[in-house]
Amino acid sequence: MNTLFDDSPVQIAVRSILDALDDGRPVDESVERQVVDLKEEHGRRDKSGAVGPGLANNELAARELAAAAACMANTPGGGALIVGVSDDGDLIGTELDADWLRHRLWELSSRSLTVDIGVRTCRGTRLLVVLAPQALEPIRVDGRIRWRVGANCVDVDPHTWHAKRMAALHDDWSSDPSTVTADQVRPGAVQQARDMLQASTEPHAAELARQPDLDLLRRLNVVTPDGYLTNAGVIAFVGRGDPCLDYVKREHQGGDSLTRVRRRDRSLLEELGELLAALEANTPAVHVRRGLVIGQQREIPLRAAREAVVNGVAHREWASPEPTLVEQVGRSLRVTSPGGFVGGVTPDNIITHPSRSRNRALSELLAALRVAEREGVGVDRMIGEMIRRGHPRPQIEEIGGPNVRASLIAEEVDEPWVAWLDEVEPIEQSDDVNTLLVLRQLVDRRWTDPLQSSRLIQDTVERASGVLARLSRASVGGRPLVQRLNGVPDSADPVWTLTSAARERLSDLDQELAYTRPIPRRETIARDYVRERGRISSTELGGLVDASPTNVGGTLRILEDEGLVEPAWPSRRGKGFHYVLSAPSRNASR
């Protein structure tokens, strides 16, 4: 990895120790004790102390190194391990596979520890350098949180760790000064910054774009008072040597690469500008009909694609030499960025969890250049853009590496859905990501309730109830949009469906635009409902499938024959009669 922009104390200490090992000089233990630990590959010595052969996948060594690396990551400033050296500085070497070890350390830390592992040869001996950046949340290995105190790793309670972390929250690697002066910026990067500002059409941005180079850099907060670039400034305007981005376009999975953008020795802004231009050129427009008017939309919404790419560089782990990988295959886009989720973010809370970037200064720079949304908005924008066109919700997940992968799959544009949303009043209801998610569920699933909606929008039941209340006041084509389902007991949470008028309007648009909408079978709707709600009546099912309660008895009998439900009481008669989940079904769902 090119360390031009990262002269951290840990990197300096590692280089100092490696230079000493190269020269055969004694290692300065005071340096090692603070930020660097020398480690043998555990399990190689026999009882006599003789060193045996190493293993590429040494589980004993991985477990010891996971604890040591987590300890370094939990320590303010992070730290490093040099593997293959004894405590007294003897070169023993290691055969551990770097990629296997990186992934195994991630697994052993409950997928929390992201490290950079480099191979170094000292006097003919193979070593590994494991860099563990400072953690944003305490990392546990074997259920313990440990950090470095002097030469030892000691246990620390979560309260103490968080108190120390809060005291250091102002620390941001990307805002730290580098050793690169402002006069070393690439002219192409400065011009790209000006182009990005001009493209926003905002008066303030246009005024900023006209400033002299140094004034522009200063107002973008990438120059220190003494004329040095911040680390964010180096990445954006100088580069790191290794490519920041790798873009490939294929017609289908496994097909030949039609376009490739992977540039060394260029700035992030230059790479980003070229990639976004290639992405736009490779994303064809499709015709979308709205009544007698024919418009155009991109196969993949460009705003969603742009957010996925920019998030993949703004929040990635820059300690890794790997580029952010952008793969455009047919109508899909996949962005894979080094580093796992941070700050408690998971796929299940990514919409609502407070945004916390590894690189705040870099994120703020990209927002100032108008290529990224301010923190906390980008994911919402990505999801909203996809749902509004009837595409599946983007999948954002943590995978091995660790890496974060965002996948956008653009199916055929759902033209009637787009036209139907245009008729929803008030208009802001069709632009809000929460209402879009709930409305799409009502179209595809036929029903929702506060609990189901809360899971969908990744928020509280109270917030979900507020979304449903707003939709109850909305209309489509001048007629009510949603309604409460009849037959639900007063003691239970209400169930919401589209009104018959809203569903008929969507059906009319389907017919007008020759669109075949998948319609779930009655049995499918009934099974889904009773598994979630625990009960179902003919009145409820009739409202779900737009049928008379007297015409859905056959569907309920199918569920009973399957053993999924049983009558609430043996007589099967009387007001309020309904079915409940059978005992075996209740047990299976636990």
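Calculation notes
- Residues numbered from 1 in each chain as written.
- Predicted model: local features only at pLDDT ≥ 70, side-chain atom pairs only at ≥ 80, totals over all residues.
- Heavy atoms only, no water.
- Helix = DSSP H or I, 4+ residues; strand = E, 2+ residues; numbered from the N terminus.
- Expected span 1.5 Å × (residues − 1).
- Buried < 20%, exposed > 50% of the residue type's maximum accessible area, 1.4 Å probe, protein only.
- Phe/Tyr/Trp six-rings, centres within 6.5 Å; stacked < 30°, edge-to-face > 60°.
- Lys NZ or Arg CZ within 6 Å of the ring centre and 35° of its normal.
- Pairing = 2+ DSSP bridges.
- pLDDT = per-residue confidence, 0-100.
- Contact = heavy atoms within 4.5 Å.
- Salt bridge = Lys/Arg side-chain N within 4 Å of Asp/Glu carboxyl O.

## Re helix α10 (residues 268–281)
For α10, which comprises 14 residues, the first-to-last C-alpha distance of 20 Å matches the rise-based estimate of 20 Å (1.5 Å per residue) to within 8%. All of the buried residues along α10 are Leu268, Leu269, Glu270, Glu271, Leu272, Gly273, Leu275, Leu276, Ala278 and Leu279.

## As for the packing of aromatic side chains
Across all of its chains, the model carries 4 aromatic pairs by this definition. Ring geometry for tryptophan 417 and tryptophan 420: centres 5.8 Å apart, planes at 25°, overall stacked. Linking tryptophan 417 with tryptophan 420, this pair stays in helix α14 (residues 415–422), spanning 3 residues, or about one helical turn. Centroid distance tryptophan 447 to tyrosine 529: 5.1 Å. Interplanar angle 70°. Geometry classified as edge-to-face. Remark: tyrosine 529 occurs in helix α19 (residues 522–533) and tryptophan 447 occurs in the loop between α15 (433–445) and α16 (450–457); sequence separation between them is 82 residues. There is no split in this pair, since tryptophan 447 and tyrosine 529 are both buried. Joined through ring pairs, the aromatic side chains of Trp569, Phe577 and Tyr579 make up one cluster. When the ring centre of tryptophan 318 is taken as origin, the NZ or CZ atom of arginine 316, which lies over that ring, is 4.3 Å away.

## Re the pairing of strand β15 (residues 332–338)
Burial analysis of β15 places 5 of its 7 residues in the buried class, the great majority of the element. Across 5 bridges, strand β14 (residues 324–329) lies against β15 in antiparallel orientation. Across the sheet, the residue bridging to leucine 325 is threonine 336, located in β15. The antiparallel hairpin formed by β14 and β15 contains 2 residues in its connecting segment, where glycine 330 sits at a positive phi of about 60°. Relative to strand β17 (residues 403–409), β15 is paired through 7 bridges, and the arrangement is antiparallel. When the sheet's bridge partners are listed, arginine 334 is paired in β17 with serine 407.

## What about the environment of aspartate 422?
Note on placement: aspartate 422 falls in helix α14. Judged by its relative accessible area of 34%, aspartate 422 is partly exposed. A C-alpha to C-alpha distance of 10.0 Å links aspartate 422 and arginine 388, two positions 34 residues apart in sequence.

## Focus on the confidence of the model for the protein
For the protein, per-residue confidence averages 89 on the pLDDT scale, and 93% of positions sit at 70 or higher. Throughout residues 1–5 the model reports pLDDT below 50, and contacts reaching past four residues in sequence, or to other chains, amount to 23 contacts.

## Overview of the pairing of strand β6 (residues 144–149)
For a regular strand, side chains alternate in direction, first toward one face of the sheet and then toward the other. Across 2 bridges, strand β5 (residues 140–141) lies against β6 in antiparallel orientation. Note on β6: the bridge partner recorded for arginine 140 is isoleucine 145. Across 4 bridges, the pairing between β6 and strand β7 (residues 152–155) is antiparallel. Bridge assignment links valine 149 to a residue of β7, and that residue is asparagine 152. Remark: 2 residues form the turn of the hairpin made by β6 and β7, two consecutive strands paired antiparallel; glycine 150 in that turn has positive phi of roughly 65°.

## Looking at the pattern of salt bridges
Enumeration according to the criterion identifies 44 salt bridges in this entry. For glutamate 385, the salt bridge is made with arginine 303, and the minimal N-O distance between the two is 3.6 Å. With glutamate 385 in helix α13 (residues 378–388) and arginine 303 in helix α11 (residues 302–314), this residue pair connects regions lying 82 residues apart in the sequence. Given the relative accessible area of 12%, glutamate 385 is considered buried. Assessed through its relative accessible area of 45%, arginine 303 is described here as partly exposed. One salt bridge connects glutamate 540 with arginine 535, and the closest N-O pair in it is separated by 2.9 Å. Using a relative accessible area of 1% as the deciding quantity, one classes glutamate 540 as buried. For arginine 535, a relative accessible area of 15% corresponds to the buried category.

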